[in-house]
Every structure is written in structure tokens, then in C-alpha cells.
Amino acid sequence: MGNSLAISGGPRLTEREWPRWPQPGDQALKSLEDVLTSGRWTISCAYQGRQSYEQQFAAAFADYCGSTLCVPTATGTSALAIALEACGVGASDEVIVPGLSWVASASAVLGINAVPVLVDVDPSTYCLDPAAVEAAVTHRTRAITVVHAYSAVADLDALLDIAQRHGLPLIEDCAHAHGARYGKWPVGAFGTAGVFSMQGSKLLTCGEGGAVVTDDPEIAVRAEHLRADGRMLRRDAVGFGEMELLETGQLMGSNACLSEFHAAVLLDQLDLLDEQNARRTRSANHLTSRLGELGLGLTVQETSAGTTDRTYYRYAVRLPDELLTIAPVDRIARALTAELGFPVMQTHRPLNDNPLNRPSTRRRFATDAEYMARVEPSRFGLPVAKRIHESVVSFGHEVLLAPLDAIDDIASAFGKIIAHVRELAD
């Protein structure tokens, strides 16, 4: 393993090239050229006599998710905000949000003038802790959002039970979990609505994009209005050159439509997703086995008992306390990066102490002093999320598309770091 760590000037464990992401399929360029010459680059352009790529994707993705309806959106953040508002959440309402998540979990709630209530996570799955959710429900609570985080699916049985007993919609944030399944169904199909991000790092991506899936036609219609400036797709026949979006006057919205270019790329990517997920799962299982053989006290992120198909957005490993007493997690992450040549990082910083989650920096939220006090993130305690952030390292899913001999290098890098960890001490 070498006499010293690469971060200390020693030789890197491997010089191999790792898979890049995103990876376009064979159809992508043809579809993009088709959009380019079609005369219609978005659904808000005139109808050109054929079904839009946006609606082709909506139908295909609804089917993939086991849902009746899909409303594509411009981003995952807009999908979450639209789903919440379509479910009736509004100004000053409380929304339960996992405290260990990307900032959009909170900013989407703030964007509809509601209040993110930050709740702690399960120490094994890093997903929303049902007991903490139960304790956080108040008379002001109007929705629960759950993120299937990194490579885990949350305990949907327990969360659905809480939501149903309190009469609350459960919004599934599946930004990390395209293709994951719980019991007999894909994630996103359990809650009142499921939301997805198709941002550039995601398992299904077009650069920037999102979607809301639901079985409730009223929620879908509201979502359509909210993402298209108060318009919805016409249900009757549309003539060539006419507008396919109908101005109903029912509900004011904003513009969060997915372009035809993005939809064309997503159709291509959707065809590749299951095979890529299978490769990632094979690699993840192999790495978990190899890390266990090392006997070094490393703990891989778990998923809930109901998970039947797991997907890997990030592969996450918890470091043993005896290692962290010698060197902090960020230094170990940098050392792994130096050995392997791809980024190894900590988890998201908890949202009660995250520099990206600062409502006080935006005047739009300064409606009154009471509201500003309620949305102040530091008022929430998240000890489990803090502990996870200070003890877990992770890397992106594209690495798991490498051959299995490359996956062995990752296990070897963990072994090398642990063997030489005192080089990382203060």
C-alpha cells in the first residue's frame, strides 16, 4: 500500500480513469437534432402536429414510477415547491423536512412562504426518523416531506402511518432514488405526490429538470397550472399552430416548464437507467463485501427493511470512532480523494447549521418578525444529523459504473488510509 499516503507526498494507490457523468445514450443527438428543427422548443410554443417530447416523457416516466400522472418541471426544487402547493400548503404552514438533506428541501418550502420544520434522521439510514416526525407534528403542520437519501429508502410504512393518522400529505422526494422500490412499488408512488430532480449529478439527468408524479388528478391539474403560468394542457384536439396550453383562470402559476431539449434527453436517459442501476448495485454489493472483509469497523449506510430494490446515488461509509479520534472526517475524505483520483466528501451539512440555508439573507422572507423567527434554522437541534456529517464519507454513483477490479481499489484505499491514519493527525 506504499510507505505513506498520497496526501502526504506518497504514491497514489491508483492512476486509473474513472467513469464520467452524465453519459449520453445513442439516441440523444438524434433527438436533440429533431427538437432543433421541429419548430417547437417548449410546450409554450405552438403545436406542430405531433406529441411533444415533454408529454412523451411524462407518459413514460409516470409508467416507470407506477403512477397515473406526471407533470414535468424545470428543476427538482420547483417540483417540490409545486407538489407542496398543489397539496394545499401555503403561507405560514409548517412542513416537516429532514435535517440532513440538500438545501432545496428547505428552500422549496420557504419559496411558498411556508415554514420548514427541521427534523432529525435515523442513524442507520440517514433518512427521516419516524419517531422524530411524530414528535414534530403540531396544529400548524400541513405536510411531511421525506427524502430517500444517498442510497437508502426511508421507512415508508411508519411515515405513511403518521401522515394518515394526522391527515397530512406525505411528499416523497426521490431526487436520489430513481428506480428504487419499496415493497411492490417504485418510490414516489406511495405518497400523495412524488417529486424527482433530474439535475446533472442525478441517476436520471438532463442537466436541469424535475417531475411531480401522483395518482390524484386534482393535484396533477394544480401542478400543471403552477408550472405553466396558470395554464394547463388542453384535453381536446389541438390544431397545427395553435397553443396547446389553455388559459383557464383557475389558479395563478409561475413558469417552471421543462424544455423540449431536456425532455428529449430524459427519454434517452430513461432507456439506460435500469441497466446502469443494476451495474451500480453489483458494484456496491461487491464493495460492501470487500469493506467487511477488511475488518476495520467501517459501516455502510443501511436502507429500511421494506426496500426491495436499492439504488445508489452516493455510496456512504461511516468511519469508526477510534479512527475519528485520530483524524477528522474531512481530512480522511481528502486523503481518500488523493489516493483514488475522484472526489470523496462528507454528507450534506445539517440544515440547522448550513451556510446555504440562511433565510435572513433574503428580504423576500422578511414579512414579519414572527415569521423570521419561525424560519430561523438554528432553532432546531439535529444531533444525529450532526453526528452523521462528522463521521460519514461518500462518493458519487458514477464511480460504481467502473469494473469490479476498480471497485477493489476503493476498498484498498480505505485500508491504506486506516493503516496510515496517524499521518493525518493534527
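Heads up: these notes are all about the structure in this document. None of the values given here were measured: they were computed from a predicted structure. (Residues numbered from 1 in each chain as written. Predicted model: local features only at pLDDT ≥ 70, side-chain atom pairs only at ≥ 80, totals over all residues. Heavy atoms only, no water.)

## A word on the overall build of the protein
Point 1. Regarding its fold elements, the protein presents 13 helices and 16 strands.
Point 2. Taken against the 2.2 N^0.38 rule, which gives 22 Å for 426 residues, the C-alpha radius of gyration of the protein at 22 Å falls within 12% of a compact globule.
Point 3. In terms of its C-alpha atoms, the protein occupies a principal-axis envelope of roughly 70 × 55 × 40 Å.
Point 4. A buried classification covers 55% of the 426 residues belonging to the protein.
Point 5. Of the roughly 17600 Å² that the protein leaves accessible, carbon and sulfur atoms contribute 51%.
Point 6. Across the protein, the mean location of the 37 positive side-chain charges is 4 Å away from that of the 52 negative side-chain charges. (Helix = DSSP H or I, 4+ residues; strand = E, 2+ residues; numbered from the N terminus. Rg over C-alpha atoms; globule rule 2.2 N^0.38 Å. Buried < 20%, exposed > 50% of the residue type's maximum accessible area, 1.4 Å probe, protein only. Areas by Shrake-Rupley, 256 points an atom, 1.4 Å probe, with all protein chains shown as cover. Lys, Arg positive; Asp, Glu negative; His and termini not counted. Charge placed at Lys NZ, Arg CZ, Asp CG, Glu CD.)

## Describing the sheet that holds strand S16 (residues 392-396)
In a beta sheet, neighbouring strands pair by backbone hydrogen bonds and run either parallel or antiparallel.
Point 1. Overall, antiparallel pairing links the four strands, which are arranged S12-S14-S16-S15 in an open sheet. Edge positions in the sheet fall to strand S12 (299-300) and strand S15 (345-346), since each has one partner strand and no second.
Point 2. Sitting on the sheet, helix H8 (residues 260-294) is in contact with S12, strand S14 (314-318) and S16, with an inclination near 15 degrees to S14.
Point 3. The strands that helix H10 (residues 329-340) touches are S15 and S16; relative to S16, the one it contacts most, it runs at about 35 degrees. (Pairing = 2+ DSSP bridges. Contact = heavy atoms within 4.5 Å. Axes fitted to C-alpha atoms, helices over the stretch in contact; angles between N-to-C directions.)

## Focus: the packing of aromatic side chains
Point 1. The full count for this structure, using the stated rule, is ten aromatic pairs.
Point 2. Both rings, one in tryptophan 18 and one in phenylalanine 342, keep their centres 4.8 Å apart while their planes meet at 80 degrees; by these two values the pair is edge-to-face. A residue pair is termed long-range when its members are at least 10 positions apart, and tryptophan 18 in the segment before helix H1 (28-36) and phenylalanine 342 in the loop between H10 and S15 qualify at 324 residues. For the pair formed by tryptophan 18 and phenylalanine 342, the shared burial category is buried.
Point 3. Ring centres of phenylalanine 61 and phenylalanine 196 lie 4.9 Å apart, and the angle between their planes is 85 degrees; on these two criteria the pair is classed as edge-to-face. A residue pair is termed long-range when its members are at least 10 positions apart, and phenylalanine 61 in helix H2 (residues 53-64) and phenylalanine 196 in strand S8 (residues 193-197) qualify at 135 residues. Each member of the pair, phenylalanine 61 together with phenylalanine 196, is buried.
Point 4. The structure contains a cluster of three or more aromatic residues connected by ring pairs, namely Trp18, Tyr312, Tyr315, Phe342 and Phe395.
Point 5. The ring of tryptophan 18 has arginine 16 lying over it, and the distance from NZ or CZ to the ring centre is 5.9 Å.
Point 6. The cationic tip of arginine 280 hangs over the ring face of tryptophan 21; the distance from NZ or CZ to the ring centre is 5.2 Å. (Phe/Tyr/Trp six-rings, centres within 6.5 Å; stacked < 30°, edge-to-face > 60°. Lys NZ or Arg CZ within 6 Å of the ring centre and 35° of its normal.)

## Here's the deal with the packing of helix H3 (residues 76-86) against helix H7 (residues 217-227)
Point 1. Where H3 contacts H7, the axes come no closer than 9 Å and their chain directions differ by 130 degrees. By the angle between their directions, the pair H3 and H7 is classed as oblique. Where H3 crosses over H7, the two elements pack in a sense that is right-handed. Taken together, the residues of H7 that come into contact with H3 (itself represented by Ile82, Glu85 and Ala86) are Ile219, Arg222, Ala223, Leu226 and Arg227.
Point 2. A breakdown of the residues in the contact of H3 with H7 according to their chemical character gives five nonpolar, no polar and three charged. (Parallel < 35°, antiparallel > 145°, perpendicular 65-115°, else oblique. Left-handed = near helix turned anticlockwise from the far one by under 90°. Nonpolar A, V, L, I, M, F, W, Y, C, P; charged D, E, K, R; others polar.)

## Digging into the pairing of strand S2 (residues 94-98)
Point 1. Of all five residues that make up S2, five are buried, and the element is covered over most of its length.
Point 2. On S2, burial covers both faces: Glu94, Ile96 and Pro98 on one face and Val95 and Val97 on the other are all buried.
Point 3. Bridging between S2 and strand S3 (residues 115-119) involves five bridges; their strand directions are parallel. Opposite isoleucine 96, over in S3, you have valine 117 as the bridge partner.
Point 4. Of the crossover connections in this fold, the one passing from S2 over helix H4 (residues 104-110) to the parallel S3 is right-handed.
Point 5. Bridge count between S2 and strand S4 (residues 141-147): three bridges; the pairing is parallel. Within S4, the residue paired with valine 95 across the bridge is alanine 143. (Right-handed = clockwise from strand over helix to strand, strands pointing away.)

## A closer look at unusual backbone geometry
Point 1. That bond from tryptophan 21 to proline 22 is cis: its omega, 0 degrees, falls within 30 degrees of zero.
Point 2. You can see proline 22 is positioned in the segment before H1.
Point 3. Positive phi values are uncommon outside glycine, yet serine 92 reaches one of about 75 degrees.
Point 4. If you trace the backbone, serine 92 turns up in the loop between H3 and S2.
Point 5. Assessed through its relative accessible area of 36%, serine 92 is described here as partly exposed.
Point 6. At asparagine 113, a position not held by glycine, the phi torsion is positive, near 65 degrees.
Point 7. Here asparagine 113 is to be found in the loop between H4 and S3.
Point 8. For asparagine 113, a relative accessible area of 29% corresponds to the partly exposed category.

## Some points on the sheet that holds strand S6 (residues 181-182)
Point 1. Reading across from one edge, S7-S6-S13 is the order of the three strands in this open sheet, with antiparallel pairing throughout. The two strands at the open ends of the sheet, each matched to only one other strand, are strand S7 (185-186) and strand S13 (307-309).
Point 2. Of the pairings in the sheet, the one linking S6 to S13 comprises two bridges and is antiparallel in character. Paired with tyrosine 182 across the two strands is threonine 307, which belongs to S13.

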